[in-house]
2 protein chains.
Amino acid sequence: MYSIGIDIGGMSIKAGLVDENGKILEKNTVKSAATADEVIVNMAKQINSLLDNRGLTVENIKGIGIGCPGAISGYKGVVDILPNLGWYNVPLADRIKEYFDTEVRLSNDANVAALAEALYGCAKGYNDCIMLTLGTGVGGGIIINKKLYEGTECKGAELGHTTLIIDGEQCTCGRNGCVECYVSASALIRQTKAAMLSDRDSMMWECVSRDIEKVDGKTAFSCAKQGDSTAENVVSQYIKYLSESLMNMMNIFRPEVIILGGGICGEGKYLTDRIEQYCERFHYGYKGSPKPAIKIAELGNDAGIIGAAALLYQ
Amino acid sequence: MYSIGIDIGGMSIKAGLVDENGKILEKNTVKSAATADEVIVNMAKQINSLLDNRGLTVENIKGIGIGCPGAISGYKGVVDILPNLGWYNVPLADRIKEYFDTEVRLSNDANVAALAEALYGCAKGYNDCIMLTLGTGVGGGIIINKKLYEGTECKGAELGHTTLIIDGEQCTCGRNGCVECYVSASALIRQTKAAMLSDRDSMMWECVSRDIEKVDGKTAFSCAKQGDSTAENVVSQYIKYLSESLMNMMNIFRPEVIILGGGICGEGKYLTDRIEQYCERFHYGYKGSPKPAIKIAELGNDAGIIGAAALLYQ
């Protein structure tokens, strides 16, 4: 059996025909359009193209799964708010069903990525996984017994919006001191810039050709590895924020695996080794606790399509 | 069908014969003994007494469930550490099986209380609940789809050991700034004493007959209700700590119900009203989120027996 997975991004819409082993058989990408109506028309064309190329019809697929950033009401298939595309209250599942008489499932992009990695990616074979995506914001996904857990109205797993420092940095969510304010890529960039401004001799200045606007999520890591002490301080502090956030998740869920996604994970084993060193000192959250595996997401750009298609099997 | 529920406490061991509707048909209590061996012998007598009084044998029961404080390895039925009773690595389930040829299940006392309240108490009828027990420490329980979630090796749901303030108060768990350090009854007492020492004219001094050692979890609440501004500051700050902790759980799980247990819950509706007022300002964690019910545990001292017996149906 096949299903269709669609990954809605800020810049493009990716669609794929996926088999029941999570393998993408065919995929296509279309640039995002100005209005939801246009995107939906394009999406229908993308799906038809996938089916046509394989000589399939809608009867041959289990359904269509869609992963989408922003605020989603998955239980009714509505995109509440998708700021990057200017969407508000778009009944996406119903609109797609006007074109295809099949099941349509919608979920948050972080949830979908977690599902893909848990079923077919770096956490394949495990039952209970927690994923954090370290991007502009911090997304989360909870997989319990190989199933996506989304909570009431599918609004759960906002793992980035849990407190690290009450009364801390102002968060976009309206609260203060959320995990997102300290471990997102944006936060790391902010922390890196602040450290550079406090040390004009740091190697990090050379690294960005003395243009602080060129700082990215790699700047501090790269210079710390070369021995710059100011960069090392940034990385140590970041590892502490991230490890404390992860130990919170360990104490709550005691998952078998923690999956990390997002650009910062390009640091790979260097990142997971340092997280493990930190967590080891605190017994992975609680004395006597089993040690979870800490893994880097491996499906990359395909995770959205694969996870969206997997929604049909949930 | 019946099952036996046993609630191990620091002072006494309670045992009950429970029907499949969570109703206690018969119960008894025995003071805690000096050694694990003695407690186990007593426990066997307690169970036999429950069965004999109803003319039942072990064939008539589904099994024996045990709720226990301390560190538990539920998956192998072992009490790892129970400091109050001086127990270390007691294979409790196996020891009880020497007396009774039936299934024996063991879990953490906070998990067991959550299960009781979710199935038969204040959250009866709901599927997804989170419980926090505000006692000397802060216990937690996660109920998903009417089932207890305990994570790997049944070591999960340490909800009290998640961060409110990184680098904050030293916690018994070895980390800093855990929820437990700010919302336990012990924390409230510490906060109350500190406020009293900073204001010698506070009504709270009269309330405890000028003996600061008499401060308990009610002192600040009682004087705040009577208009004492220093007491009100303690209560406001406590409500903030507690509400932020609960909003973290809301953002993670988006539960239908949050259940609060422990002595502080004697404040009842006054407590839940103030939590709701605080959470309302922050949209219950995230804008557009459904509002969970916030309920006070209602099974009281029976929760341990009822929840332990319910472990057999998990």
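Quick caveat: nothing in here was measured; it's all calculated off a predicted structure.

Trainee: I keep staring at the overall build of chain A and nothing clicks. Help me out?
Mentor: A count of helical and extended segments in chain A gives ten helices and 13 strands. Rg of the C-alpha trace for chain A: 20 Å, near the compact-globule value of 20 Å for 314 residues, within the 12% margin. Overall, chain A is about 60 × 45 × 35 Å in size when its C-alpha atoms are taken along their principal axes. Out of the 314 residues belonging to chain A, those deemed buried represent 61%. Long-range pairs, those at least 24 residues apart, make up 61% of the contacts in chain A with a sequence separation of at least 6. Total accessible area on chain A stands at roughly 12,200 Å², and carbon and sulfur atoms take up 47% of it.

Trainee: For this particular structure, what's the right way to read the packing of aromatic side chains?
Mentor: The relation between two aromatic rings is expressed through the spacing of the ring centres and the mutual angle of the planes. Per the stated rule, a full pass over the model turns up 13 aromatic pairs over all chains. With 6.2 Å between their ring centres and 65° between their planes, Tyr149(A) and Phe253(B) make a pair best called edge-to-face. With Tyr149(A) in strand E11 (residues 147-149) and Phe253(B) in helix H8 (residues 229-253), the pair connects residues from two separate chains. Overall, the relative accessible area of 8% leaves Tyr149(A) in the buried class. Classification of Phe253(B) by relative accessible area gives buried; the value is 1%. Measuring from ring centre to ring centre gives 5.3 Å for Tyr278(B) and Phe282(B), while their planes differ by 35°; the resulting arrangement is tilted. A single burial state applies to Tyr278(B) and to Phe282(B), both of which are buried. Looking at Lys225(A), its charged tip hangs above the ring of Tyr270(A), at a distance of 4.8 Å from the centre.

Trainee: Any chance you could explain the state of the cysteines here in plain terms?
Mentor: Defined simply, a disulfide is a covalent bond joining two cysteines at their sulfur atoms. Applying the stated criterion across every chain, the model contains zero disulfides over all chains. Unpaired in terms of disulfides, Cys171(A) finds its nearest cysteine sulfur in Cys173(A), a separation of 3.7 Å. Under the relative-accessibility criterion, Cys171(A) is labelled buried at 6%. Just so you know, Cys122(B) is unpaired, no disulfide at all, and the nearest cysteine sulfur is the one on Cys129(B), 7.8 Å from it. For Cys122(B), a relative accessible area of 10% translates into the label buried.

Trainee: How should the interface of chain A and chain B be read in this particular structure?
Mentor: When the parts come together, some accessible area is lost, and that loss is often what is quoted as the size of the interface. Contacts between chain A and chain B engage 40 residues on the former and 40 residues on the latter. Among the residues of chain A in contact with chain B, Ile166(A), Arg175(A) and Ile252(A) are the three that bury the most area, contributing 19% of the side total. Linking chain A to chain B there are four salt bridges. The partner of Glu244(B) in a salt bridge is Arg175(A), with the nearest N and O atoms 2.7 Å apart. For the pair chain A and chain B, the interface holds 26 residue pairs in polar contact (both at pLDDT 80 or more). Of all the secondary-structure elements, those providing two or more residues to the side of chain A that touches chain B are strand E10 (138-144) and helix H8 (229-253) of chain A. When its residues are assigned to classes, the side of chain A that touches chain B shows 18 nonpolar, eleven polar and eleven charged.

Trainee: Explanation requested: the confidence of the model for chain A in the structure shown.
Mentor: Regions with low pLDDT carry predicted coordinates that are not meant to be interpreted in detail. Of the residues in chain A, 100% have a pLDDT of 70 or more, and the chain-wide mean is 96. In the predicted assembly, ipTM is 0.95 and pTM is 0.96.

Trainee: Would you explain the sheet that holds strand E5 (residues 71-73) of chain A in this entry?
Mentor: Think of a sheet as strands paired side by side through backbone hydrogen bonds, with each pair either parallel or antiparallel. Residues and elements named next belong to chain A. Across the sheet, which stays open at both edges, the three strands sit in the order E5-E6-E7 with antiparallel pairing between neighbours. Each having just a single partner strand, E5 and strand E7 (87-90) make up the two edges of the open sheet. Each neighbouring strand pair of the sheet contributes to a mean axis angle of 15°, computed without reference to strand direction. As paired elements, strand E6 (residues 78-82) and E7 share three bridges and run antiparallel to each other. Residue pairing for E7: valine 79 is matched across the bridge by valine 90.

Trainee: Looking at this structure, how should I read the environment of Ile259(A)?
Mentor: Residue and element names in this part refer to chain A. On the secondary structure map, isoleucine 259 appears in strand E12 (residues 257-261). A relative accessible area of 0% means that isoleucine 259 is categorised as buried. Placed 126 residues apart in sequence, isoleucine 259 and threonine 133 show a C-alpha to C-alpha distance of 8.3 Å. With sequence-adjacent residues up to four places away left out, isoleucine 259 is seen in contact with Glu117, Ala118, Cys122, Ala123, Cys129, Ile130, Met131, Leu132, Lys295 and Ala297.

Trainee: Got a minute to help me understand H8(B) in this structure?
Mentor: Because each turn of an α-helix spans 3.6 residues, side chains separated by three or four positions in sequence point in the same direction. Residues and elements named next belong to chain B. Its 25 residues place the ends of H8 35 Å apart at the C-alpha level, agreeing with the 36 Å of an ideal helix rising 1.5 Å per residue. Taken across its 25 residues, H8 has 20 buried, putting it largely inside the fold. Arginine 254 sits one or two positions beyond H8 and adopts a positive phi of about 45°.

Trainee: Any chance you could explain the relation of the copies chain A and chain B here in plain terms?
Mentor: In this structure, two copies of a chain are linked by a rotation about an axis accompanied by a shift along it. Mapping chain A onto chain B leaves a residual RMSD of 0.0 Å; the transformation is a rotation of 180° accompanied by 0.0 Å of translation along its axis. As the rotation angle and translation indicate, the two copies are arranged about a two-fold axis. Residue Ile165(A) of chain A places its C-alpha closer to the rotation axis than any other residue of that unit, at 2.2 Å. Of the interface residues in chain A, 100% have counterparts in chain B that sit at the interface too, so the contact is made through matching surfaces.

Trainee: Hey, could you run me through the domain arrangement of chain A in this one?
Mentor: Residues and elements named next belong to chain A. Under the domain assignment, chain A is made up of domain 1 (2-118 + 301-313) and domain 2 (125-297). Computed from C-alpha coordinates alone, the two centres of domain 1 and domain 2 are separated by 28 Å. On the domain 2 side, the residues contacting the 16 residues of domain 1 number 19 residues. Counting every contact that joins domain 1 to domain 2 gives one salt bridge. Between aspartate 80 and lysine 155 there is a salt bridge, with the nearest N and O atoms lying 3.5 Å from each other. Taken together, domain 1 and domain 2 are joined by four residue pairs in polar contact (both at pLDDT 80 or more). Secondary-structure elements contributing two or more residues to the side of domain 1 that touches domain 2 are E5, strand E8 (103-108) and helix H3 (109-120).

Trainee: Would you mind going over the sheet that holds E12(A) with me for this structure?
Mentor: Residues and elements named next belong to chain A. Judged by pairing direction, the sheet is mixed, and its five strands sit side by side in the order E11-E10-E9-E12-E13 without closing on themselves. Edge strands, defined here as strands with exactly one partner in the open sheet, are E11 and strand E13 (293-296). If you compare each strand with its neighbour and ignore which way they point, the axes differ by 25° on average. The pairing of E10 with E11 spans three bridges and is classified as antiparallel. Bridging from a neighbouring strand, isoleucine 142 pairs with tyrosine 149 of E11. Sitting on the sheet, H3 touches strand E9 (129-134), E10, E11 and E12, and the angle it makes with E10 is about 45°.

Trainee: Would you mind showing me how to read the packing of H8(B) against helix H9 (residues 268-281) of chain B here?
Mentor: All names here are of chain B. It is at 9 Å that the axes of H8 and H9 come closest, and there the two elements cross at 65°. With respect to each other, H8 and H9 are oriented roughly perpendicular. Regarding H8 and H9, the two cross each other, and that crossing is right-handed. Here Glu232, Val235, Ser236, Ile239, Lys240, Leu242, Ser243, Glu244, Leu246, Met247 and Met250 of H8 lie close against H9, whose contacting residues are Tyr270, Leu271, Arg274, Ile275, Tyr278 and Cys279. Broken down by class, the residue content of the contact of H8 with H9 amounts to eleven nonpolar, two polar and four charged.

The rules behind these values
- Residues numbered from 1 in each chain as written.
- Chains lettered and ligands numbered in written order.
- Predicted model: local features only at pLDDT ≥ 70, side-chain atom pairs only at ≥ 80, totals over all residues.
- Heavy atoms only, no water.
- Helix = DSSP H or I, 4+ residues; strand = E, 2+ residues; numbered from the N terminus.
- Rg over C-alpha atoms; globule rule 2.2 N^0.38 Å.
- Buried < 20%, exposed > 50% of the residue type's maximum accessible area, 1.4 Å probe, protein only.
- Contact = heavy atoms within 4.5 Å.
- Areas by Shrake-Rupley, 256 points an atom, 1.4 Å probe, with all protein chains shown as cover.
- Phe/Tyr/Trp six-rings, centres within 6.5 Å; stacked < 30°, edge-to-face > 60°.
- Lys NZ or Arg CZ within 6 Å of the ring centre and 35° of its normal.
- Disulfide = S-S within 2.5 Å.
- Buried area = accessible area lost by both parts, 1.4 Å probe.
- Salt bridge = Lys/Arg side-chain N within 4 Å of Asp/Glu carboxyl O.
- Polar contact = N/O pair within 3.5 Å; in protein donor to acceptor, adjacent residues only side chain to side chain.
- Nonpolar A, V, L, I, M, F, W, Y, C, P; charged D, E, K, R; others polar.
- pLDDT = per-residue confidence, 0-100.
- Pairing = 2+ DSSP bridges.
- Axes fitted to C-alpha atoms, helices over the stretch in contact; angles between N-to-C directions.
- Expected span 1.5 Å × (residues − 1).
- Least-squares fit on C-alpha atoms with pLDDT ≥ 70 in both.
- Domains from an automatic or database assignment.
- Parallel < 35°, antiparallel > 145°, perpendicular 65-115°, else oblique.
- Left-handed = near helix turned anticlockwise from the far one by under 90°.

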